[in-house]
Amino acid sequence: MIHNFKMFGTNISADVNSGAVHVLDDVSYDVLSAIDDLKEDKESRELPPDNDIFEKVSGKYTKDQIKEALNEIKELIEEGQIYSEDIYKEYLPLWERESQIKALCLHISHDCNLRCKYCFADTGCFGGDRSHMSSEVGKAAIDFVIRSSGKRKNIEIDFFGGEPLMNFDTVKEIIEYARKREKEADKKFRFTITTNGLLLNEERMKYINENMDNVVLSIDGRKEVNDKVRIRVDGSGSYDSILPKFMKMAELRDQDRYYVRGTFTGYNTDFSKDVLHLADLGFKQISVEPVVAPDGCGYELKEDDLEKIYGEYEALAKEYAARFDTERWFNFFHFMVDLQQGPCVAKRLSGCGSGHEYVAVTPQGEIYPCHQFVGNGDFKMGDVFNGIERTDIQDTFKNSNVYTKEKCSGCWAKFYCSGGCPANAYNFNKDINKPYEIACDLEKKRVECSLWLNAVRTGEEND
Amino acid sequence: MKHIKTINKATLKNSLKGSGCGECQTSCQSACKTSCTVANQNCLKK
């Protein structure tokens with residue numbers, strides 16, 4: 001299977017199964033597109049008769065031009081770089097083994113000092129009490145992940161909420177305990193904290209910078225955009241309070257190993273302005289993600305918004321490319337597809353690992369497949385004291401991959417997105433194997449932008 | 001080639017060797033909490 005597309009005058013073809021990406025001139029692009037249109041089975045290497053191909057593009061090019069382009073295409077097919085076979089399914093049994101938990105999302109606090117309108121955590125409490133995790137539960141979570149991670153050395157812990165700084169002493173106790181245990185257990189813990197920033201101060205910044213591998217700082221972009229949804233309990237906005245702290249934090253971390261992370265909603269479908277606002281403030285590591293919200297809430301993204309959002313991603317990609325190798329450069333999380341250094345095929349098939357490699361732990365120590373399932377009793381898997389009791393849930397997640405998702409099998413982007421977010425799939429379609437369509441559409445657009453940016457990087461864009 | 005420039009070769013199949021060690025970062029731990037993207041993660045072996 002291949003995916004042909006044009007962006008800013010550049011013709012690109014991605015070979016899905018091999019990961020090869022080509023930039024084509026107009027004649028070879030038209031010939032390859034003609035081949036793809038004529039082929040009944042998009043997965044096969046078999047080509048339609050030459051005469052049919054010639055007929056489909058004749059009038060635009062000379063016979064010699066078409067023949068030359070066709071020969072190059074045939075050579076790449078021979079080399080396994082166009083219409084390559086999908087051989088990965090047969091490898092799946094090799095990667096099947098006992099589940100090993102390697103990452104925890106610790107819900108340090110189910111309370112929050114903001115009341116963001118789009119919060120999937122029901123303004124911090126996940127539909128339950130506004131409670132804090134105790135250090136006993138946190139330490140038990142560390143013990144749980146050590147005994148559940150098998151031979152895996154690298155363990156990740158994300159301090160999440162609600163707002164984790166509302167229970168920061170426990171965060172410190174958990175880190176101290178994990179550091180004590182990692183040597184004897186031959187593990188390496190990497191910590192992340194996700195914060196809205198209101199309670200950041202110098203002392204906490206210092207502690208975080210000395211102890212956390214990654215920091216996620218929540219801000220949505222322009223003041224009016226941020227303050228419309230990221231509001232305090234009294235309804236006032238948070239932008240003016242958090243911005244100076246985040247700028248300082250980014251500088252203290254040498255503009256590395258952090259993200260300012262925002263959400264765009266139906267209120268700001270012109271979100272490229274928010275990304276560029278953050279970049280122009282000097283932030284170098286930026287992630288702005290589409291909201292996931294139910295129909296009718298007022299700020300959800302609708303199918304009617306898609307064309308506008310595609311245009312925004314394109315505008316952002318163009319500006320992003322213009323800033324390459326300049327002082328104004330920044331990194332946008334969803335455009336950072338490194339074609340050479342990307343994840344292995346096993347990871348690309350299996351996705352985020354929720355429910356079998358990555359789980360969320362509530363303040364009471366209950367285990368859920370990920371932070372987005374917390375509060376849904378049907379998905380409670382066990383607790384950190386007794387371990388995972390509902391191994392059926394774990395197996396359901398472990399056995400879900402791009403081949404178990406019918407919609408993914410014919411999708412060109414499957415090895416870039418790995419079948420999408422299971423929580424979104426469940427929330428919209430009540431089945432983790434039925435991806436959420438709008439997220440798929442947006443993901444495909446982002447991947448196209450990323451491939452075009454790779455073409456620009458290599459100097460092969462047609463512009 | 002005159003008409004086609006390959007900007008990335010068939011790297012996906014090469015990654016079959018030693019695939020699935022699981023030492024890499026979980027995507028939701030980086031910056032993504034609502035939209036799964038995996039291809040922007042790095043392999044720790046490379």
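Draft legend 1. Summary view of the overall build of chain A. When you go through chain A residue by residue, the secondary structure sums to 17 helices and 14 strands. Relative to its length of 463 residues, chain A is compact, with a C-alpha radius of gyration of 24 Å against a globular reference of 23 Å. For chain A, contacts bridging at least 24 residues in sequence account for 70% of all contacts bridging at least 6. About 18600 Å² of surface is accessible on chain A, with carbon and sulfur atoms providing 45% of the total. One way to put it: in chain A the 61 positive side-chain charges average out to a point 5 Å from where the 82 negative ones average out.

Draft legend 2. Examining the environment of K151 of chain A more closely. Take K151 of chain A: it is sitting in the loop between α5 (135–148) and β5 (154–160). With 34 residues separating them in the primary sequence, K151 of chain A and A185 of chain A have C-alpha atoms 10.0 Å apart. With residues up to four places along the chain from it excluded, the contact list for K151 of chain A reads Q100 and K187 of chain A together with E23 of chain B.

Draft legend 3. The interface of chain A and chain B, seen in detail. Taken together, the contacts link 86 residues of chain A with 42 residues of chain B. Counting each side, the surface lost to burial between chain A and chain B is near 5500 Å², with a carbon and sulfur contribution of 53%. Contact with chain B buries surface across chain A, with E72, F333 and K347 of chain A losing the most and accounting together for 11% of the total. If you look at where chain A meets chain B, you find 1 salt bridge. In this structure, K2 of chain B and E68 of chain A form a salt bridge, with 3.0 Å as the shortest nitrogen-oxygen distance. Applying the counting rule to chain A against chain B returns 27 residue pairs in polar contact (both at pLDDT 80 or more). For the side of chain A that touches chain B, the element with the most residues is helix α3 (residues 63–78) of chain A, which contributes 7 residues. Residues belonging to the side of chain A that touches chain B are distributed by class as follows: 39 nonpolar, 26 polar and 21 charged.

Draft legend 4. Looking closely at the environment of L16 of chain B. When you line up the elements, L16 of chain B lands in the segment after α1 (11–14). When its relative accessible area of 16% is taken as the criterion, L16 of chain B is described as buried. Aside from chain neighbours lying at most four places away, what touches L16 of chain B is I87, Y88, Y91, W95 and V345 of chain A.

Draft legend 5. Local environment of the sheet that holds strand β1 (residues 4–8) of chain B. If you trace the 4 strands from one edge of the open sheet to the other, you get β1(A)-β2(A)-β3(A)-β1(B), paired in antiparallel fashion. Of all strands in the sheet, those with a lone pairing partner are β1 (2–7) of chain A together with β1 of chain B, marking the two edges. Ignoring strand direction, the axes of neighbouring strands in this sheet form an average angle of 25 degrees. In the sheet, β1 of chain A pairs with strand β2 (residues 10–15) of chain A via 6 bridges, with the strands oriented antiparallel. When the sheet's bridge partners are listed, H3 of chain A is paired in β2 of chain A with A14 of chain A. Where helix α17 (residues 437–457) of chain A meets the sheet, its contacts fall on β1, β2 and β3 (21–24) of chain A together with β1 of chain B, and the angle it forms with β1 of chain A comes to roughly 70 degrees.

Quick notes on the rules
- Residues numbered from 1 in each chain as written.
- Chains lettered and ligands numbered in written order.
- Predicted model: local features only at pLDDT ≥ 70, side-chain atom pairs only at ≥ 80, totals over all residues.
- Heavy atoms only, no water.
- Helix = DSSP H or I, 4+ residues; strand = E, 2+ residues; numbered from the N terminus.
- Rg over C-alpha atoms; globule rule 2.2 N^0.38 Å.
- Contact = heavy atoms within 4.5 Å.
- Areas by Shrake-Rupley, 256 points an atom, 1.4 Å probe, with all protein chains shown as cover.
- Lys, Arg positive; Asp, Glu negative; His and termini not counted.
- Charge placed at Lys NZ, Arg CZ, Asp CG, Glu CD.
- Buried area = accessible area lost by both parts, 1.4 Å probe.
- Salt bridge = Lys/Arg side-chain N within 4 Å of Asp/Glu carboxyl O.
- Polar contact = N/O pair within 3.5 Å; in protein donor to acceptor, adjacent residues only side chain to side chain.
- Nonpolar A, V, L, I, M, F, W, Y, C, P; charged D, E, K, R; others polar.
- Buried < 20%, exposed > 50% of the residue type's maximum accessible area, 1.4 Å probe, protein only.
- Pairing = 2+ DSSP bridges.
- Axes fitted to C-alpha atoms, helices over the stretch in contact; angles between N-to-C directions.

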